[in-house]
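# Secondary and tertiary structure notes
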Amino acid sequence: MSIINVNLGVKSYQIEIAAGLLDKAGAKIRSVSKAQRAAIISDSNVDALYGEHLQKSLEQKSLEGSGFTVTRIVFPAGEKSKCLTELAKIYDRLAAAGITRSDLVVALGGGVTGDLGGFAAATFLRGVDYVQVPTSLLAQIDSSVGGKVAVDLPAGKNLVGNFYQPKLVLIDTELLRTLPVRFLHDGLAEAIKYGCIRDKSLFEKIAAMRDDKELLANIGGIVERCCAIKAEIVEHDEFDTGERMVLNFGHTIGHAVEKCCGYTDYTHGEGVGIGMALLTRQTEKLGLTAPGTADAICQVLQKYNLPVDAPYAEADLLAGIGMDKKKSGSSITLIILKEIGSSFLQKTDWQALPDYVKRS
């Protein structure tokens, strides 16, 4: 087992990483919570696989104390459920279950579940403790750590949100074996991002994997390294006002791609991969990035069947970027690579943005 501490004063917590950790979830969660009731929030796909398993673990007595009284709240799987309509339904279910401010929410699932369930916990009764149990690679290495919780609006992604740290993050890498290949690769795009912005050796390790079998055999180390990088960055900048913005490499264009397709044709990780590739092509041409960097990124993305472009006009992508959270007044902060493993923030005038989005 690996344990990573996220040091945020009174909001500090641990990330525990191990194969088979779901079996121990009840005892682990009881050690950080005195709640009587726990509400598991999950999507329809993940609940069918693991909901009952987690419920039984939470209901069992442990050395730390008695079991929880458990309610399972299930919403339809998919990014479209990360919305105010589904959020309102979750609030109603939490109220019906008698969840109080001294009780607990457990977000069991991928990035959508962590964001939606975490935001529900952050706002129901002005804040209920919550635990993240991420089941997708994307959630395990990125979205479950750092306390960003949010829902989407028709105008754009994650526009209603909060910073709300979990009490604990439990990562069972064995759960990744049930992921469809597309979603394993979807999460890998975020791991590639971590290599791009901070760790060249991680990037090279992912690039050198022979196949998905070898990837899964080594996934624990990849998850641990990504979580360690994110924990360090979050400790320095919890509220995303400076250094933490580097974690959004590829996301400015990536979120626009997701919006252009109505959150259907491309997954989040696929959008991020496209964003990394398109932006870096342009920053090379502008002399900001070492030559050959974009080709290296494209090669590793394509190795895992991740797209490096999307059939949307530059004007449509720019319109999608218009509601990006990193936009401030007439400028936007771009995350740019010097080379693989080294990144920097650049405040860019909005009028100059087309230079970074065009394909030629």
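Everything that follows concerns the structure shown earlier in this document.
Note that the coordinates shown come from a computational prediction; the quantities given were computed from them, not determined experimentally.

Further remarks concern the overall build of the chain. Each helix and strand counted, the chain has 14 helices and twelve strands in total. Judged by the C-alpha coordinates and their principal axes, the chain covers about 60 × 40 × 35 Å. Summing over all exposed atoms, the chain offers an accessible surface of approximately 14400 Å²; the carbon and sulfur share of this is 50%. Looking at charge distribution, the chain has the averaged site of its 40 positive side-chain charges lying 3 Å from that of its 43 negative ones.

Pairing between the strands of a sheet comes from backbone hydrogen bonds, and it takes one of two forms, parallel or antiparallel. With respect to topology, three strands assemble into an open sheet ordered E10-E11-E12, the strand pairing being antiparallel. Looking along the sheet, the strands with just one partner apiece sit at the ends: strand E10 (327-328) and strand E12 (342-349).

A few words on the sheet that holds strand E1 (residues 2-6). Read across the open sheet, the seven strands follow the order E1-E2-E9-E6-E5-E3-E4; overall the sheet is mixed. Strands at the two margins of the open sheet, each flanked by one partner only, are E1 and strand E4 (69-75). The mean angle between the axes of side-by-side strands here comes to 15°, regardless of whether they run parallel or antiparallel. Relative to strand E9 (residues 168-172), strand E2 (residues 13-18) runs parallel, the two being bridged by five bridges.

Taking 1.5 Å per residue as the helical rise, helix H9 (residues 219-236) with its 18 residues ought to reach 26 Å, and the 26 Å between its terminal C-alpha atoms agrees with that figure. For H9, every residue scored as buried is listed here: Ile219, Ile222, Val223, Cys226, Cys227, Ile229, Lys230, Ala231, Ile233 and Val234.

Applying the stated criterion to the full structure yields 22 salt bridges. Between Glu52 and Lys56 there is a salt bridge, with its nearest N and O atoms 3.3 Å apart. Remark: Lys56 and Glu52 occur in helix H2 (residues 44-59); sequence separation between them is four residues, near one turn of the helix. Overall, Lys56 belongs to the partly exposed group, its relative accessible area being 47%. Among the ionic contacts, a cluster of salt bridges with common partners joins Glu79, Lys82, Asp115, Asp152, Lys157 and Glu258.

Our focus in this paragraph is unusual backbone geometry. Residues other than glycine seldom take positive phi values, yet Asn158 does so here, at roughly 60°. For Asn158, the position within the fold is in strand E8 (residues 156-163). Unusually for a residue other than glycine, Tyr263 sits at a positive phi of about 60°. Structurally, the position occupied by Tyr263 is in the loop between helix H10 (251-260) and helix H11 (268-285).

Next up on the list: the side chain of Thr333. Looking at the element boundaries, Thr333 is found in strand E11 (residues 331-339). Residue classification places Thr333 among the buried residues on the basis of a relative accessible area of 13%. Aside from chain neighbours lying at most four places away, what touches Thr333 is Met245, Lys326, Leu345, Gln346 and Lys347.

This brings us to the pairing of strand E5 (residues 104-109). Among the six residues in E5, six count as buried, and that is most of the element. Of the two faces of E5, both are covered, the one formed by Leu104, Val106 and Leu108 as well as the one formed by Val105, Ala107 and Gly109. Of the pairings in the sheet, the one linking strand E3 (residues 37-43) to E5 comprises four bridges and is parallel in character. Looking across to E5, one finds that Ile41 is bridged to Ala107. Inspection of the sheet shows E5 paired to strand E6 (residues 129-134) by six bridges, in the parallel sense. Residue pairing for E6: Gly109 is matched across the bridge by Pro134. Where the polypeptide runs from E5 across helix H4 (residues 111-123) and back to E6, its parallel neighbour, the crossover connection is right-handed.

Reading the values: the criteria
Residues numbered from 1 in each chain as written. Predicted model: local features only at pLDDT ≥ 70, side-chain atom pairs only at ≥ 80, totals over all residues. Heavy atoms only, no water. Helix = DSSP H or I, 4+ residues; strand = E, 2+ residues; numbered from the N terminus. Areas by Shrake-Rupley, 256 points an atom, 1.4 Å probe, with all protein chains shown as cover. Lys, Arg positive; Asp, Glu negative; His and termini not counted. Charge placed at Lys NZ, Arg CZ, Asp CG, Glu CD. Pairing = 2+ DSSP bridges. Axes fitted to C-alpha atoms, helices over the stretch in contact; angles between N-to-C directions. Expected span 1.5 Å × (residues − 1). Buried < 20%, exposed > 50% of the residue type's maximum accessible area, 1.4 Å probe, protein only. Salt bridge = Lys/Arg side-chain N within 4 Å of Asp/Glu carboxyl O. Contact = heavy atoms within 4.5 Å. Right-handed = clockwise from strand over helix to strand, strands pointing away.

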